[in-house]
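Examination of the molecular architecture
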Amino acid sequence: MFQKKNLLWALCLTVTVTACSKPPQQMVKFQNRPQFHAYLDNMDMPDHFRDAIKSGTEKVSGKFINNVVTYLELKGDPIKELVKRYGMKASVSSDGLDIEPAVKAAVADLIQAGDKANRGYGGKNNSGWLQHEDLMGGGEWSEGAGYFQQAGQLRDQKRAPASQIDTGN
């Protein structure tokens, strides 16, 4: 009887810990697209791979790129996981390896998973977060600010002290 209670207790504890465990977190995040591109530029890969990734992710919002690990539920090293999951979709020919089909598949899955995860944020999807980036003017990847917050920040930037009239007070 005592062993059965311990076994049941251990099983309940395992289920509770598993159910409450956090999704994988992304360690590297970016403030804007140029910072993301600089990160790609520092990676050791062929130039045509880098160009395919940059052009393939051009229409993906910064929020989604900054949460790719969570949205696609990548465990371990994100790069290895992405290659393992989407590498077979690359096209191999006598001209070499074309990763554009793999990038397109990864981007499509990221947008779909991100849109599903963001339904609770006022229905904002990938295009809604892209509008947020455009609204900020400099393309900053502000993940949590709403339209009104961003408009207020933009207004405050335009009212910087350098543009104020000196009234002598």
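Summary of the structure given here. As the structure is a prediction and not an experimental result, all values here were calculated from the model.

1. A word on the environment of Lys63
Examined against the element boundaries, Lys63 turns out to sit in helix H4 (residues 62–65). Lys63 gets classed as buried once you look at its relative accessible area, which sits at 10%. Separated by 34 residues in sequence, Lys63 and Lys29 have C-alpha atoms that sit 9.3 Å apart.

2. Re the packing of helix H2 (residues 33–41) against helix H3 (residues 47–56)
Across the interface, H2 lies against H3 with an axial gap of 10 Å and an inter-helix angle of 160°. Considering the angle they form, H2 stands roughly antiparallel to H3. For H2 against H3, the interelement crossing comes out right-handed. Where H2 abuts H3, its residues His37, Leu40 and Asp41 lie against Arg50, Ile53 and Lys54. Classifying every residue of the contact of H2 with H3 by side-chain character gives two nonpolar, one polar and three charged.

3. Observations regarding the pattern of salt bridges
Summed over all chains, the structure comprises six salt bridges. The residue Arg33 makes a salt bridge to Glu133 at a minimum N-O spacing of 3.7 Å. With Arg33 in helix H2 and Glu133 in helix H8 (residues 126–135), this pair connects stretches of sequence that are 100 residues apart. Note on accessibility: Arg33 and Glu133 belong to one class, buried. Across the salt bridge formed by Asp41 and Arg50, the nearest N and O atoms sit 3.8 Å from each other.

Thresholds, definitions, all that
- Residues numbered from 1 in each chain as written.
- Predicted model: local features only at pLDDT ≥ 70, side-chain atom pairs only at ≥ 80, totals over all residues.
- Heavy atoms only, no water.
- Helix = DSSP H or I, 4+ residues; strand = E, 2+ residues; numbered from the N terminus.
- Buried < 20%, exposed > 50% of the residue type's maximum accessible area, 1.4 Å probe, protein only.
- Axes fitted to C-alpha atoms, helices over the stretch in contact; angles between N-to-C directions.
- Parallel < 35°, antiparallel > 145°, perpendicular 65-115°, else oblique.
- Left-handed = near helix turned anticlockwise from the far one by under 90°.
- Contact = heavy atoms within 4.5 Å.
- Nonpolar A, V, L, I, M, F, W, Y, C, P; charged D, E, K, R; others polar.
- Salt bridge = Lys/Arg side-chain N within 4 Å of Asp/Glu carboxyl O.

By themselves, these are just geometric observations and shouldn't be taken as functional.
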